[in-house]
Protein chains: 2
Amino acid sequence: MKQVIFFFTTVILLISCTPNPTIKTESFNPEWHETFPGVWNSIVNQLEDFNLLSVANKPPRKETLNQKSEQEFPISANEIQAFTKNGKTFLRFPLEKEEQIYGLGLNYKTVQQRGRILRLHMDHYGGTDNGRTHAPVPFYLSSKGYGVLINAARYIDVYVGTTVRTDTKNPPKLYDRNARDGWTAQPYSDNLEIVVPAEGVELVLFAGESMLDVVQRFNLYCGGGVLPPKWGLGFWQRTPTLYNTSDIQKEVHGFVENNFPLDVVGIEPGWHSKSYPCTFEWDKSRYPNPDEFAKNMNQQSIKLNLWMNPYIWPEGELYEKIKSYAGSHTVWNGIVPDYTIPEARNIMQEHFQTHLLDIGISGFKMDEVDGYDRWLWPDVATFPSGLDAEQMRQTYGTQMMTLTDEIYRKKNERTYGLIRAANAGSVSYPYVIYNDYYNHKDFITALINAGNCGVLWTPEVRSSRSGEEWMRRMQTTCFSPLAMLNAWASGTKPWSYPDVYEECREVAFLRMQMLPYLYSTFADYHFNGTPPFRGMNLEEGFETTVDIEESKLDETQNPYAEAVKKEVKDQYMMGDFLLVAPLFNGDEGRQVILPKGNWYDFYTGKFVGNGEIIQVEKGFERIPLFVKDGGIIPMMPAIRQTSDWKEDTPLEIRVYGEANGSFVLYDDDGATFDFEKGEYTTKMLKTENGNVSVLDLHQSENWVYGDLSWTFMTK
Amino acid sequence: MKQVIFFFTTVILLISCTPNPTIKTESFNPEWHETFPGVWNSIVNQLEDFNLLSVANKPPRKETLNQKSEQEFPISANEIQAFTKNGKTFLRFPLEKEEQIYGLGLNYKTVQQRGRILRLHMDHYGGTDNGRTHAPVPFYLSSKGYGVLINAARYIDVYVGTTVRTDTKNPPKLYDRNARDGWTAQPYSDNLEIVVPAEGVELVLFAGESMLDVVQRFNLYCGGGVLPPKWGLGFWQRTPTLYNTSDIQKEVHGFVENNFPLDVVGIEPGWHSKSYPCTFEWDKSRYPNPDEFAKNMNQQSIKLNLWMNPYIWPEGELYEKIKSYAGSHTVWNGIVPDYTIPEARNIMQEHFQTHLLDIGISGFKMDEVDGYDRWLWPDVATFPSGLDAEQMRQTYGTQMMTLTDEIYRKKNERTYGLIRAANAGSVSYPYVIYNDYYNHKDFITALINAGNCGVLWTPEVRSSRSGEEWMRRMQTTCFSPLAMLNAWASGTKPWSYPDVYEECREVAFLRMQMLPYLYSTFADYHFNGTPPFRGMNLEEGFETTVDIEESKLDETQNPYAEAVKKEVKDQYMMGDFLLVAPLFNGDEGRQVILPKGNWYDFYTGKFVGNGEIIQVEKGFERIPLFVKDGGIIPMMPAIRQTSDWKEDTPLEIRVYGEANGSFVLYDDDGATFDFEKGEYTTKMLKTENGNVSVLDLHQSENWVYGDLSWTFMTK
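Residues numbered from 1 in each chain as written. Chains lettered and ligands numbered in written order. Predicted model: local features only at pLDDT ≥ 70, side-chain atom pairs only at ≥ 80, totals over all residues. Heavy atoms only, no water.

Looking at an unreviewed UniProt entry, chain A carries the name DUF5110 domain-containing protein, with the source organism given as Draconibacterium aestuarii. Under the UniProt heading Sequence similarities (unreviewed entry), the note attached to chain A is "Belongs to the glycosyl hydrolase 31 family." (UniProt positions renumbered as here; feature names shortened; annotations may be inferred.)

Have a look at this one:
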């Protein structure tokens, strides 16, 4: 008896004193399991039930992924290290000498991330690429043809080739700074190290034939990209905050009179009876009859997109229903519902359905789901689901996306909208990121980075200090996922700068003409995971020369000699063939870096260069566009609204250069989700030695195109 | 038997499944225990063995604290909330409507912290007051006469009156932003909320008769302020990096020839045989005979202060001894010893003793113990003591301070030096913070904030773009804890700008004249915890008007109407009586805000104002100084070196205004720690109705002063 008691007492003591035996605190090599060709998963210690992919709740595109090529595991698995200590999981991935790293979220000033430190934390971008941004995506992409996703809804610290371990196999060269013969403030680092503040984490590693292939597999793993409704790719005009129905009608008339494209009108906080926080009830004075108003707009082929932020006015029916599902803190006096709780989702969805979807509202602009810290709930906040503030902060945008996506799917009606927060896993959701920032060049860099990490971004136009600036901004928004003039505060119209109005109208109509190309490009996003807008780093044949500029040793400013890397972040690809090299206000021409291969001027078809730097001369008023050799760009007549993109639309199929080319032209009903069940048509347009052909791929009843005529642009 | 087995099995299962029962996850009111008058401690859940005060390892000044006045607990204890969840401890303290909050570290652009969010994280200051700074002290001070210390060596998030709970008893007014009648982006918040990433934390709460009394109690609790050696308060010249002994001798001669004060010469990285990382061995070519060199300098009454950073060159004797005590990562190829391990401390102390202290080196300038993230060890680093990278980051400076303090104490020789990282608890250590930043106005704001949180800061001079700027910077460094020209890169001398040399010489000698006042002020720091340099917020009779400026709603820049608070951060007190209101380069005069009471011009004795704003006119070349009514400023003859501050030094005791006044004049041997055993002398200088008296307080053999003559400055 005594022995039995002694035995059990010992066991009790041992168990009480031993930490959880399944958490590995000593460094180990994670085990990887291949789930699809070129896709491996690993659970380090434990998987948090709530993570980025669980919130996004979109399964991988299995069929397509399974058709991908087999790949070898791209890194030495025994050089990948992990351990967990004191509630944090530490990860280490090896880096090779010339390896470049991309991704890690929606950065605005840098593309290549090696040598940088980021704390991936949802926030409104603050002017520095420090990880605080609208899509702090913990996915990185390597120039060696692989990518890694850290699937955690946490604030993640990433040291991208800045840390040096004492036991490194690649010790940096040892310099005496006194000797002044090569000392650097940033010695060579052979690894990427990560802190995840959790007891464990899921890792997903992707390998591919190229960086683009890696991004495709990543996007497919997260469900494939979004295919917007056709109207979403038309022009968007957001109206001033306190506009009423007759103001909006006047606005719409203005677009008719001035003959400017218009598919979507954005209504700002003024539709709410109260905003900041929001009632989600129509304001009776500004919108006395929303049902009639929406019908009226729809009859003019205008879709309505409503502004909102998710903080609910603390009075009224909606509030009374949802308040018990709210977090501990208010944002501008509004409660913060916990949308991981099904009852809360249902309440909101019912409300949206009844008040908005049923009368024909087409989508939302979801504001302030990102930051700043001083506005949103703090990290001390608690939520009824038991999730903590950090987990909510990293995923609130995604929660809003899934919540609205569900009700539009129930209606079998595609939506397209705007949001200020996205993350890994949100690639298949119909939301484009925007923000309050406005540096034009940074806006283009963001467009590039969006393509590296599975989100969409729009460089909207709001205001300008000159006609030239206005024109340049109008040009880039028309070559982005969502062409928008966001005049919520400025009240500007496309014709607000008369001296450049013709150029603005021209580029807007050019976008409309290119919609067959753009829509097919988005179909490629959906079916194959190909980012429709992407940087040169994903383009075959593009050589980035990393130029190191040493800044002077100036001890009042910058006492350590530091290298500043130049990189290409002001030109990008739209689809497979089109290189966009925008001009910015004040530019006296610009350089364009062409990848290897022949490239041609979009407007004239003329050959411009091959794997070289060319110059766009001062005074070039259009947006500089270049086409790859063999590029095929199907274009339709210039229409003002996508409602005219209908049966028998003729196509001019432009062919550039001399190489053989092919392009999958896609069509569907442009509005419903039926395409997901096969209700779409694809035809391959081919050129071969000067001969053209059209090959049927997938058949359905949906095909708006009539006559196809081919134009060989390059004589 | 079966029942016994069953019983124990049940117990085992229960224990395995139940989380640690002593960690409170539900919100509770911490219990407070009064340890000294007006000082209460609370342990929330558990105390981390390793914390800021444990590292500083300096016991409270019990005798002095016990003589402090009794205070009531200053807040409603039942409004203080705490709980721990998922490894984090959350705290909440109430705030009242007009309550202002100060402290929270070495900020450079703001003094009043309410409405701000800080993540207290050791780092080199980066230009934004976001908590990343050289002294991220988790101590805050309330205008209601209390302060709170969060004793944790962690990255601490503090929301200073920005968060609003749904159950707040002081809900902010509810505004409809659409109505445009008072909506604010920052609704009223009635609390201060904190996240400490640990399973528990110790809190120390201080109450006092005034904010100054609170700071005194805080400083006394941490051991009382440092009393520098007398030579430390003389002038410091740091020489260019690669200077050798004859360069330095020339420099010293230059100070004699140009008749400029000089007590300390700073030697930069060039004394090391190799630096970045450091060998801690004298370079044989530049310093062939360091013993002789140091003797030679000492004979000229010059003290030597050596630059270092703590990262050790990975070759040689020192490295071989200490390498097994180093962390997992290198900094500039140097290892990072874990100085919480006694063996590591001993090795370094022995090395310093043998190579440096024994030959007469007087102190150190400890560089790069703060940041940046890209230089120092990352948060993934591990250390042999088991402490994590975060704990080491928050305290490495303090570890270096205690390590060197011990060996100087063993030698019974006071040191004074510079460092880039300090924290709560380091108040008694002889180190002044400096950095690579250089904005002059921000330098003065830092001086103010240092006084609010128990550290010292010097606005050093390095270079300038004009004589005027040079002069203004020289003026403020001479009215700071450590007057220094840090010419490590610029090679400047005080006379580098001939057109302002006389003004520079004048202010440097003025400092020397005022050393009896300044040294006594530091004694007050040591004995009573009174910060020698402090902001107007600690000054009785100073009314801060919080001016709210609304910035325009400009949607391209700043779309939300935000309030910008104006505060007084460019004038400060040196000691009890002297108000310093510096001029900055380009100033055309300046405003000075005088507290209530009569104030007098230091130079002329004339009355200038009472509780009002006065104007210093354009063209005022000296540094504007003002003296409180009844102010007593003992001054000695202008000496070049403190070695001349010796027996029979006459004093001119200046009296300002008409009120009665008193001042405790302090003296000791100026060099050893014997004063801590009572070997010091204090006399009270008093004026009463125009009559003067000198009252002996504490007697010892140490008294350098001879004749005392009184000058009534105000006629």
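Having seen it, we continue.
Caption draft 1: Structural context of the overall build of chain A. Helix and strand content of chain A: 13 helices and 37 strands. At 26 Å, chain A has a C-alpha radius of gyration in line with the 27 Å of a compact globule built from 715 residues. On the principal axes, the C-alpha backbone points of chain A span a range of 95 × 65 × 60 Å. Burial statistics for chain A: of 715 residues in total, 64% are counted as buried. For chain A, the distance from the average site of its 68 positive side-chain charges to the average site of its 94 negative ones is 3 Å. (Helix = DSSP H or I, 4+ residues; strand = E, 2+ residues; numbered from the N terminus. Rg over C-alpha atoms; globule rule 2.2 N^0.38 Å. Buried < 20%, exposed > 50% of the residue type's maximum accessible area, 1.4 Å probe, protein only. Lys, Arg positive; Asp, Glu negative; His and termini not counted. Charge placed at Lys NZ, Arg CZ, Asp CG, Glu CD.)

Caption draft 2: Layout of the packing of helix α4 (residues 211-221) of chain A against helix α13 (residues 515-528) of chain A. All names here are of chain A. For the pair α4 and α13, interaxial distance at closest approach is 8 Å and the crossing angle is 70°. Between α4 and α13, the angle is such that the two are roughly perpendicular. Contacts between α4 and α13 involve Q216, N219 and L220 from the former and Y525, H526, F527 and N528 from the latter. Within the contact of α4 with α13, the residues separate by chemical class into three nonpolar, four polar and no charged. (Axes fitted to C-alpha atoms, helices over the stretch in contact; angles between N-to-C directions. Parallel < 35°, antiparallel > 145°, perpendicular 65-115°, else oblique. Contact = heavy atoms within 4.5 Å. Nonpolar A, V, L, I, M, F, W, Y, C, P; charged D, E, K, R; others polar.)

Caption draft 3: Structural detail: the interface of chain A and chain B. Contacts between the two partners involve 86 residues from chain A and, on the opposite side, 86 residues from chain B. Between chain A and chain B the total buried area reaches about 7100 Å² when both faces are included, carbon and sulfur atoms providing 57% of it. Joining chain A to chain B, the criterion identifies two salt bridges. The residue A:K88 makes a salt bridge to B:E390 at a minimum N-O spacing of 3.3 Å. Summed over the shared surface of chain A and chain B, the result is 30 residue pairs in polar contact (both at pLDDT 80 or more). Within the residue set of the side of chain A that touches chain B, elements represented by two or more residues are α1 (2-17), β3 (81-85), β4 (88-94), β6 (116-122), β10 (156-160), β11 (164-165), β12 (191-196) and β17 (329-330) of chain A. If one sorts the elements of the side of chain A that touches chain B by residue count, α1(A) sits on top with eight residues. In the side of chain A that touches chain B, the residues fall into 37 nonpolar, 24 polar and 25 charged. Note that β11(A) and strand β17 (residues 329-330) of chain B share two bridges and pair antiparallel. (Buried area = accessible area lost by both parts, 1.4 Å probe. Salt bridge = Lys/Arg side-chain N within 4 Å of Asp/Glu carboxyl O. Polar contact = N/O pair within 3.5 Å; in protein donor to acceptor, adjacent residues only side chain to side chain. Pairing = 2+ DSSP bridges.)

Caption draft 4: Region of interest: the relation of the copies chain A and chain B. The transformation that overlays chain A on chain B combines an axial shift of 0.1 Å with a rotation of 180°, and the residual RMSD is 0.2 Å. Those values place the two copies in the arrangement expected of a two-fold rotation axis. Most of the interface of chain A is mirrored in chain B, where 100% of its interface residues are also at the interface. (Least-squares fit on C-alpha atoms with pLDDT ≥ 70 in both.)

Caption draft 5: Structural view of the pattern of salt bridges. In this structure the tally under the stated criterion is 91 salt bridges over all chains. Ionic pairing is found between B:R393 and B:D373, a salt bridge with its closest N-O pair at 3.0 Å. Separated by 20 residues along the polypeptide, B:R393 in helix α9 (residues 389-410) and B:D373 in the loop between β18 (363-366) and α9 bring together distant segments of the chain. When sorted by exposure, B:R393 lands in the same class as B:D373, which is buried. One network of salt bridges, in which partners are shared, links A:E48, A:R154, A:D388, A:E390 and B:K88.

Caption draft 6: Expanded view of the environment of A:S709. Residue and element names in this part refer to chain A. Tracing the backbone shows S709 in strand β37 (residues 705-712). Placed 56 residues apart in sequence, S709 and I653 show a C-alpha to C-alpha distance of 5.9 Å. Not counting chain neighbours up to four residues away, the residues in contact with S709 comprise L651, E652 and I653.

Caption draft 7: Seen up close, the pairing of strand β18 (residues 363-366) of chain A. All names here are of chain A. Burial along β18 is two-sided: the residues G363 and K365 and F364 and M366 are all buried. In this structure, strand β16 (residues 303-308) lies alongside β18, joined through four bridges in parallel fashion. Bridging from a neighbouring strand, W307 pairs with K365 of β18. Once you follow β18 into helix α9 (residues 389-410) and on to strand β19 (residues 417-419), the crossover reads as right-handed. (Right-handed = clockwise from strand over helix to strand, strands pointing away.)

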